[in-house]
Amino acid sequence: MDFKEGEILALYKPYTWTSFHLVNKVRYHLSKRFKVKRFKVGHAGTLDPLATGVLIICTGKATKRIEELQRHTKEYEADLMLGATTPSYDKEHPVDATYPYEHITEEMFVETLKQFTGTIAQRPPLYSACKVDGERAYNLARQGSEMELAPKQVTIEEIELLSFAPPQATIRVVCGKGTYIRSLARDIGEALGSGAYLTRLTRTRVGEYKIEDCIKPEDFAEWLDKQITE
């Protein structure tokens, strides 16, 4: 493998790690192995710190393909907690409101999911990396802003219910670029006449790159040595 010329790698992003944390780990090992001050490394599609799963890492000249890779279809599995909401739509912040959920049946949930297939308008979370007048939205949120971000068009190719045990449910989502599964959880809760937020999110696939094929961060140094010596 030629990491300087450019390689595309699928790594597993652990829980609580930022995407840049993983990029920095890969850069550190490449820089150390090839004895260069700063190896060119980037990622193709941010994962939230509380999410896990497939993160595409590009090295060298392959970083020029990041925009292309970001357009690849992504697949997720997500656990939802019904009957409550949080400001960030996930577990990063405590519950700020509760709602009845006893009226929600499995049949009702399945029917409601049908509303979210195809091209839909989705409002990104304020606690996100979206930019507002050059400022990251999460910085505005942390400063106490309660503004709402403008809706964006996103595409959801597939959505299905995997398990239903109120107040918890698990869904699988296949979607296009820019889709926030946190926002999808919030919108599903509203459509059910209740509330919902994410308790777990795993990206299981990006294009042809699957989670079972990912390199774990703790194995990267050993994996790298094998690629160079073979």
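Residues numbered from 1 in each chain as written. Predicted model: local features only at pLDDT ≥ 70, side-chain atom pairs only at ≥ 80, totals over all residues. Heavy atoms only, no water.

Student: So what exactly am I meant to see when it comes to the overall build of the protein chain here?
Tutor: A tally of helices and strands in the protein chain yields six helices and 13 strands. The buried share of the protein chain, taken over its 230 residues, is 50%. Of the contacts made within the protein chain by residues no fewer than 6 positions apart, 70% connect residues no fewer than 24 positions apart. Surface exposure of the protein chain reaches about 11,900 Å², of which carbon and sulfur atoms provide 48%. (Helix = DSSP H or I, 4+ residues; strand = E, 2+ residues; numbered from the N terminus. Buried < 20%, exposed > 50% of the residue type's maximum accessible area, 1.4 Å probe, protein only. Contact = heavy atoms within 4.5 Å. Areas by Shrake-Rupley, 256 points an atom, 1.4 Å probe, with all protein chains shown as cover.)

Student: Just to check I follow, could you spell out unusual backbone geometry for this structure?
Tutor: Negative phi values dominate among residues other than glycine, just as trans dominates among peptide bonds. With omega at 10 degrees, the peptide bond leading from Pro166 into Pro167 counts as cis. Within the secondary structure, Pro167 is located in the loop between β10 (152-165) and β11 (168-175). Although it is not a glycine, Thr16 sits at a positive phi angle of roughly 80 degrees. Mapped onto the elements of the fold, Thr16 is located in the loop between β1 (8-13) and α1 (19-34).

Student: I tried to follow the pattern of salt bridges on my own but got confused; where do I start?
Tutor: Within the structure shown, the criterion is met by 13 salt bridges. With its nearest N and O atoms 3.3 Å apart, the salt bridge here joins Asp225 to Arg33. Of this pair, Asp225 sits in helix α6 (residues 220-229) while Arg33 sits in helix α1, placing them 192 residues apart in sequence. The salt bridge involving Asp187 is made with Arg186; its shortest N-O contact spans 2.9 Å. What makes Arg186 buried here is its relative accessible area of 12%. Beyond isolated ion pairs, a larger network of salt bridges with shared partners links Glu75, Glu158, Glu160, Arg172 and Arg205. (Salt bridge = Lys/Arg side-chain N within 4 Å of Asp/Glu carboxyl O.)

Student: Honestly, the environment of Glu106 in this entry has me stumped. Any pointers?
Tutor: With respect to the element layout, Glu106 can be found in helix α3 (residues 106-113). Between the alpha carbons of Glu106 and Ala165 there is a distance of 8.7 Å; along the sequence they are 59 residues apart. With near-sequence residues (within four places) excluded, Glu106 lies in contact with Leu161 and Phe164.

Student: I keep staring at the side chain of Thr202 and nothing clicks. Help me out?
Tutor: By the element assignment, Thr202 lies in strand β12 (residues 196-206). If sequence neighbours within four positions are ignored, Thr202 has contacts with Thr52, Gly53, Glu75, Tyr76, Glu77 and Ile211.

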